[in-house]
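Chain by chain, the residues run as shown.
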Amino acid sequence: MAVYTEIGDDELDDLLHQYDIGRALSCKGIAEGVENSNYLLHTTGGYFILTLYEKRVNPADLPFFLGLMDHLAGRQVPCPTPIHGRDGAALRAVAGRPAAIIAFAEGRALTKPGPDHCQRLGAALAELHLAGSDFTRERPNALSVGGWRPLFEASRARADEVAPGLAAELEGELAALEAGWPGGLPEGVIHADLFPDNVLFLDGRINAFIDFYFACNDAFAYDLAICLNAWCFEKDGSFNATKARKLMAGYQGVRPLEAAEMAALPLLARGAAIRFLLTRLYDWLNQIEGALVKPKNPLEYLAKLRFHRDAGGPGAYGLDA
Ligand SMILES: Nc1ncnc2c1ncn2[C@@H]1O[C@H](COP(=O)(O)OP(=O)(O)OP(=O)(O)O)[C@@H](O)[C@H]1O
Ligand SMILES: N[C@@H](CCO)C(=O)O
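Just so you know, these numbers come straight off a predicted model, no measurement behind them. (Residues numbered from 1 in each chain as written. Chains lettered and ligands numbered in written order. Predicted model: local features only at pLDDT ≥ 70, side-chain atom pairs only at ≥ 80, totals over all residues. Heavy atoms only, no water.)

## Here's the deal with the overall build of the chain
Going by this rule: For helices the rule is a DSSP run of H or I covering at least 4 residues; for strands it is a run of E covering at least 2, with both sets numbered from the N terminus onward. Only C-alpha atoms enter the radius of gyration, while the globule expectation follows 2.2 Å times N to the 0.38, with N the number of residues. Buried, partly exposed and exposed residues are distinguished by accessible area as a fraction of the type maximum, computed with a 1.4 Å probe on protein chains only: under 20%, between the cut-offs, and over 50%, respectively. Residue contacts follow a heavy-atom distance rule, with two residues in contact if any of their heavy atoms lie within 4.5 Å. Areas reported here follow the Shrake-Rupley algorithm with a probe of radius 1.4 Å; residue values treat only the protein chains shown as occluding.
In terms of regular secondary structure, the chain is built from 9 helices and 10 strands. On C-alpha atoms alone, the chain measures out to a radius of gyration of 20 Å, which is about the 20 Å that the 2.2 N^0.38 rule sets for 321 residues. In terms of overall dimensions, the chain has C-alpha extents of about 60 × 45 × 35 Å along its principal axes. Out of the 321 residues in the chain, the part that is buried amounts to 52%. Looking at the chain alone, contacts between residues at least 24 apart form 73% of all its contacts between residues at least 6 apart. For the chain, the exposed area adds up to about 14100 Å²; of that, 51% sits on carbon and sulfur atoms.

Right, dumping it as structure tokens:
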């Protein structure tokens, strides 16, 4: 269970005194997630999510994340809003951690998304990209190509404990990505972690995007590449070309890709694969005792990386570049 920080009863009561959402009836740790401590908070005013921000979140970035959620929700992007206290602020401190209360969103994360879900995802992702265009805060992507080598260095010495030869393969991959990483693509605000567990479906439709805590400014097509990896491979590791085609069609129905974005997609997908491989590898090698969190398998992303390296071109994803 991803609960790194416990909250005392008095701390919770003190927190709720700052809001108009009633008094606490229960507050239970949520099993899902690996990054932050999340609680399902039930008050006399309804249900909420209480999040305490942990290691990978820089407190200075929180106004960007919380402001973005307010901004997108105001533009009909399905996304829960932060609750503002009586003083107007959404960001607080609880148990020594930065914290926020977020509206509870109905819906279920899909364990096995189908092609039609991928199409809906594509369309909603493009709408998110367009809706972010007049968001005025900026946050560079700390986990883009410039951030991968330091992350790799933190795991390099022990990488071969996870798979023989992994360090050498990652070294070669990083060098290729650093040399060829595309610039000048259309960019704006991206979600940057839009995995199936961060999309809540209700009656077959997307009811909420959650977990905006990697959102940043970067290439739109990189966000699409992250989704390609997270949604279009089966549990056995095989690539599902139908899902990829649907994802692309959904996206392009709202925001057509430029030729340069299509051409860059195989490389962007390799980059998106190494980004999650590296954070998973770090977490695998540096597990936090007592956090009751199950680290995710880095090797799932090694297989995806190899797939894109051999893909041959954007046609593999159903695109005619
Ligand atoms: N606004 C919300 N409404 C309903 N449920 C939510 C909401 N926010 C979070 N959750 C629930 O809490 C879980 C963990 O939230 P979240 O994905 O933000 O955590 P995380 O630790 O940042 O996880 P991740 O590993 O995806 O980065 C979600 O899977 C979902 O079940
Ligand atoms: N979505 C990430 C975890 C949270 O960043 C992963 O699956 O590795």
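## Looking at the sheet that holds strand β8 (residues 199-202)
Sheet strands pair via backbone hydrogen bonds, and the direction of the pair is either parallel or antiparallel. Rules: One bridge is not enough; two strands pair if DSSP finds at least two bridges between them. Interaxial angle, 0 to 180 degrees, is taken between N-to-C directions of lines fitted to C-alpha atoms, where a helix line uses only the stretch in contact.
Strand order in the open sheet formed by 3 strands is β6-β8-β9, and the pairing between neighbours is antiparallel. The sheet is open, and its two borders are formed by β6 (108-109) and β9 (205-209), each paired with just one other strand. Here 4 bridges tie β8 to β9, and the two strands are oriented antiparallel to one another. Bridge pairing in β9 places Leu-200 opposite Ala-208. Most of the contacts of helix α3 (residues 115-131) go to β9, to which it runs at about 45 degrees, and overall it touches β8 and β9.

## A look at the domain arrangement of the chain
Size of an interface: often given as the accessible area lost when the parts come together. The cut-off we apply is this: Either an automatic procedure or a domain database provided the assignment from which the domain bounds are taken. For any pair of parts, buried area is found by adding up, for both, the accessible area (1.4 Å probe) each one loses once the two are put together.
Domain parsing of the chain yields domain 1 (9-104) and domain 2 (109-317). Taking only C-alpha atoms into account, the centre of domain 1 sits 26 Å from that of domain 2. With 23 residues of domain 1 at the interface, the matching set in domain 2 holds 28 residues. Carbon and sulfur atoms make up 71% of the area that domain 1 and domain 2 hide from each other, which totals about 2200 Å². In terms of surface lost to domain 2, no three residues of domain 1 exceed Arg-56, Phe-64 and Pro-78, which account for 29% of the buried area on that side.

## Quick look at the site of ligand 1
So the rule is basically this: Near is defined per residue: the residue qualifies when any heavy atom it owns lies within 4 Å of the molecule or strand. In protein, a polar contact means a hydrogen-donor-capable atom and an acceptor-capable atom, both N or O and within 3.5 Å, with residues adjacent in sequence counting only if both atoms are side-chain atoms; elsewhere, any N or O pair within 3.5 Å suffices. Three residue categories are used. Nonpolar comprises Ala, Val, Leu, Ile, Met, Phe, Trp, Tyr, Cys and Pro, charged comprises Asp, Glu, Lys and Arg, and polar comprises the others, including Gly.
Close to ligand 1 lie 18 residues; Val-34, Glu-35, Asn-36, Ala-105 and Asp-211 are nearest. The separation between an oxygen atom of ligand 1 and a polar main-chain atom of Asn-36 is 2.9 Å. Across the shell around ligand 1, the residue classes tally to 9 nonpolar, 4 polar and 5 charged. For the shell around ligand 1, the two domains that each supply at least three residues are domain 1 (9-104) and domain 2 (109-317).

## Topic: helix α1 (residues 9-16)
The condition is simple: Think of the arc as the fan of directions from the helix axis to the C-beta atoms.
Residues of α1 that are buried include every one of Leu-12, Leu-15 and Leu-16, and no others. Buried residues of α1 fall within an arc of 90 degrees about the axis and therefore sit on the same side. Where α1 is buried, its residues contact β1 (24-29), β2 (37-43), β3 (46-52), β4 (92-94) and β5 (97-103).

## Quick look at helix α6 (residues 220-231)
Convention followed: Every helix has an expected span of 1.5 Å times one less than the residues it contains.
With 12 residues, α6 ought to run about 16 Å at 1.5 Å a step, and its terminal C-alpha atoms sit 17 Å apart, in line with that. For α6, the tally of buried residues reaches 12 of 12 residues, placing the bulk of the element in the interior. Listing the buried residues of α6 in full gives Phe-220, Ala-221, Tyr-222, Asp-223, Leu-224, Ala-225, Ile-226, Cys-227, Leu-228, Asn-229, Ala-230 and Trp-231.

## Overview of unusual backbone geometry
Here the phi dihedral of Asp-203 falls at roughly 50 degrees; this positive angle occurs in a residue that is not glycine. Looking at the element boundaries, Asp-203 is found in the loop between β8 and β9. Given a relative accessible area of 76%, Asp-203 falls into the exposed group. In this structure, Asp-211 is a non-glycine residue whose phi angle is positive, near 60 degrees. Along the chain, Asp-211 falls in the loop between β9 and β10 (216-219). Residue Asp-211 is classed as partly exposed on the basis of its relative accessible area of 21%.

## What about the UniProt feature "domain: Aminoglycoside phosphotransferase" (unreviewed entry) in the chain?
Defined as follows: UniProt positions are given in the numbering used here, feature names are shortened, and annotations may be inferred rather than shown by experiment.
Here the UniProt-annotated "domain: Aminoglycoside phosphotransferase" (unreviewed entry) positions come out as residues 27-257. Each end of residues 27-257 is marked by a C-alpha atom, and these two atoms are 44 Å apart; helix forms 35% of the span and strand 20%.

## Here we look at the environment of His-308
Position of His-308 among the secondary structure elements: in helix α9 (residues 298-309). Given a relative accessible area of 2%, His-308 falls into the buried group. Placed 43 residues apart in sequence, His-308 and Leu-265 show a C-alpha to C-alpha distance of 9.2 Å. Each residue touching His-308, except ones within four places of it in the same chain, is listed here: Leu-228, Asn-229, Phe-233, Pro-266, Ala-269, Arg-270 and Tyr-317.

## Concerning the site of ligand 2
Taken together, Val-34, Glu-35, Asp-193, Phe-195, Phe-214, Phe-276, Arg-280 and Lys-296 are the residues near ligand 2. In the environment of ligand 2, an oxygen atom lies 2.7 Å from a nitrogen or oxygen atom belonging to the side chain of Arg-280. Taken by itself ligand 2 offers 260 Å² of open surface, and the protein chains cover 94% of this. Its residues placed into classes, the shell around ligand 2 shows 4 nonpolar, no polar and 4 charged.

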